[in-house]
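Letter by letter, the chains look like this.
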Amino acid sequence: MITELDKIIVPDSKIVTEAQDLVHEHGNELIWNHSNRVYLFGAVKGDQDQVKYDHELLYISALFHDLGLTKQYSSDDLRFEVDGANAARQFLETHNITPSQMQLVWDAIALHTTPGVAEHKESEVALLFHGVGMDVMGDNFEQFSEEIRKAVVQKFPRNNFKNDIIEAFYNGIKHKPETTFGNMKEDVIKHFQPDYSNPNFCSCIINSKWDS
């Protein structure tokens, strides 16, 4: 179990610096701190599990994963995860990144709230998923040493994260609640709008235009 944060590689390349600048420009302190904690927890897990992964791609994925909640990158009709993935792809298209690397980042961001799928994909996709799960819901909490947990939070404070992140989710998707159909963000809408209801999957089947 890793106990020293300085053993974790944090890339500082030109492309990473430019991605950081975008988070500072269009995000806020909540997204900045959360995104960096997500990277660190994902990287720690990757190193502990002796998984081979690209630090730069994982970090860029972490930096962009919640930018779909921001005014700059939020669409009117797409899931916020897809908005963030599209923003990352648009950013990466201006850099010397291969199509396969670009797709990897896109998948990591688009699937970061999709349990049962993300953890079975490529290392960068799985590690972003695990990093998000650890920071948001404390998934696999005991797999991280107390020293690492304290060091990460000291470097990137949580403050009132539990409540603030739920509110940030809501503010980022309340104008398009229909995009939460079939995914966990419906719980966020219902948290603030208890009477809201998305279409029922079984009703969609039964009421389709098919005869049987």
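By the naming in an unreviewed UniProt entry, the protein chain is HD domain-containing protein, taken from Salinicoccus halitifaciens.

Participant: Tell me about the overall build of the protein chain, and name the residues and values.
Facilitator: A count of helices and strands for the protein chain gives 10 helices and 0 strands. Beginning at the N terminus, the succession of helices and strands in the protein chain can be written as α-α-α-α-α-α-α-α-α-α. Computed over C-alpha atoms, the radius of gyration of the protein chain comes to 18 Å, within 12% of the 17 Å expected from 2.2 N^0.38 for 212 residues, which places it in the range of a compact globule. Principal axes of the C-alpha set define a box for the protein chain whose edges measure 60 × 40 × 35 Å. For the protein chain, with 212 residues in total, the buried portion stands at 48%. Look at the contacts in the protein chain between residues 6 or more apart in sequence, and 65% of them connect residues 24 or more apart. Considering the protein chain, the positive charge centre built from 19 side chains and the negative charge centre built from 33 side chains are found 2 Å apart.

Participant: Quick rundown of the nonpolar core? Include the residues and the values.
Facilitator: Judged by nonpolar contacts, the single largest core of 51 residues is most densely connected at Phe64, Leu92 and Leu128. When contributions to this core are tallied by element, the ones reaching two or more residues are α1 (14–26), α2 (29–48), α3 (55–64), α4 (80–92), α5 (99–110), α6 (123–137) and α7 (146–155). The biggest single contributor to this core is α2, with 8 residues. Not counting residues within four places of it along the chain, the set of residues in contact with phenylalanine 64 comprises Ala19, Leu22, Gly84, Ala87, Ala88, Phe91 and Ile109.

Participant: Can you break down the side chain of aspartate 83 residue by residue, with the values?
Facilitator: Looking at where aspartate 83 falls in the secondary structure, it is placed in helix α4. In contact with aspartate 83, not counting residues within four places along its chain, are Gly68, Tyr73, Ser74, Ser75, Leu78 and Lys176.

Participant: Summarise the pattern of salt bridges; cite the residues concerned and give the values.
Facilitator: This structure, assessed with the given rule, holds 11 salt bridges. The partner of glutamate 4 in a salt bridge is lysine 7, and the shortest N-O contact between them spans 4.0 Å. On the accessibility criterion, glutamate 4 (39% relative accessible area) is partly exposed. Notably, a salt bridge pairs lysine 121 with aspartate 107, separated by 3.8 Å at the nearest N-O pair. A residue pair is termed long-range when its members are at least 10 positions apart, and lysine 121 in the loop between α5 and α6 and aspartate 107 in helix α5 qualify at 14 residues. The class of lysine 121 is partly exposed, set by a relative accessible area of 31%. Beyond isolated ion pairs, a larger network of salt bridges with shared partners links Arg37, Asp135 and Arg158.

Participant: Which residues make up the environment of histidine 34, and what values do they have?
Facilitator: With respect to the secondary-structure elements, histidine 34 resides in helix α2. A relative accessible area of 1% places histidine 34 in the buried class. On a C-alpha basis, the gap between histidine 34 and phenylalanine 161 in space is 8.4 Å, while along the polypeptide they are 127 residues apart. The contacts of histidine 34, once residues within four sequence positions are left out, are His65, Asp66, Asp135, Val136, Phe161 and Ile165.

Participant: For the packing of α2 against α3, give the residues involved together with the corresponding values.
Facilitator: In contact at an axis separation of 8 Å, α2 and α3 are set at 145° when each is read in the N-to-C sense. Taken as a pair, α2 and α3 cross one another with a handedness that is right-handed. Note on element contacts: α3 touches α2 through His55, Leu58, Tyr59, Ala62 and Leu63, opposite Trp32, Ser35, Asn36, Val38, Tyr39, Gly42, Ala43 and Asp47. Its residues placed into classes, the contact of α2 with α3 shows 8 nonpolar, 4 polar and 1 charged.

Participant: Tell me what's going on with the UniProt feature "domain: HD" (unreviewed entry) in the protein chain, and back it up with residues and numbers.
Facilitator: In the numbering used here, UniProt assigns the "domain: HD" (unreviewed entry) feature to residues 32–117. Helix and strand shares over residues 32–117 are 60% and 0% respectively, and the end C-alpha atoms of the span are 26 Å apart.

Participant: Summarise the environment of glycine 68; cite the residues concerned and give the values.
Facilitator: By the element assignment, glycine 68 lies in the loop between α3 and α4. With near-sequence residues (within four places) excluded, glycine 68 lies in contact with Tyr73, Ser74, Phe80, Asp83 and Gly84.

What counts and what doesn't
Residues numbered from 1 in each chain as written. Predicted model: local features only at pLDDT ≥ 70, side-chain atom pairs only at ≥ 80, totals over all residues. Heavy atoms only, no water. Helix = DSSP H or I, 4+ residues; strand = E, 2+ residues; numbered from the N terminus. Rg over C-alpha atoms; globule rule 2.2 N^0.38 Å. Buried < 20%, exposed > 50% of the residue type's maximum accessible area, 1.4 Å probe, protein only. Contact = heavy atoms within 4.5 Å. Lys, Arg positive; Asp, Glu negative; His and termini not counted. Charge placed at Lys NZ, Arg CZ, Asp CG, Glu CD. Core = buried A, V, L, I, M, F, W, Y, C linked by side-chain atoms within 4.5 Å. Salt bridge = Lys/Arg side-chain N within 4 Å of Asp/Glu carboxyl O. Axes fitted to C-alpha atoms, helices over the stretch in contact; angles between N-to-C directions. Left-handed = near helix turned anticlockwise from the far one by under 90°. Nonpolar A, V, L, I, M, F, W, Y, C, P; charged D, E, K, R; others polar. UniProt positions renumbered as here; feature names shortened; annotations may be inferred.

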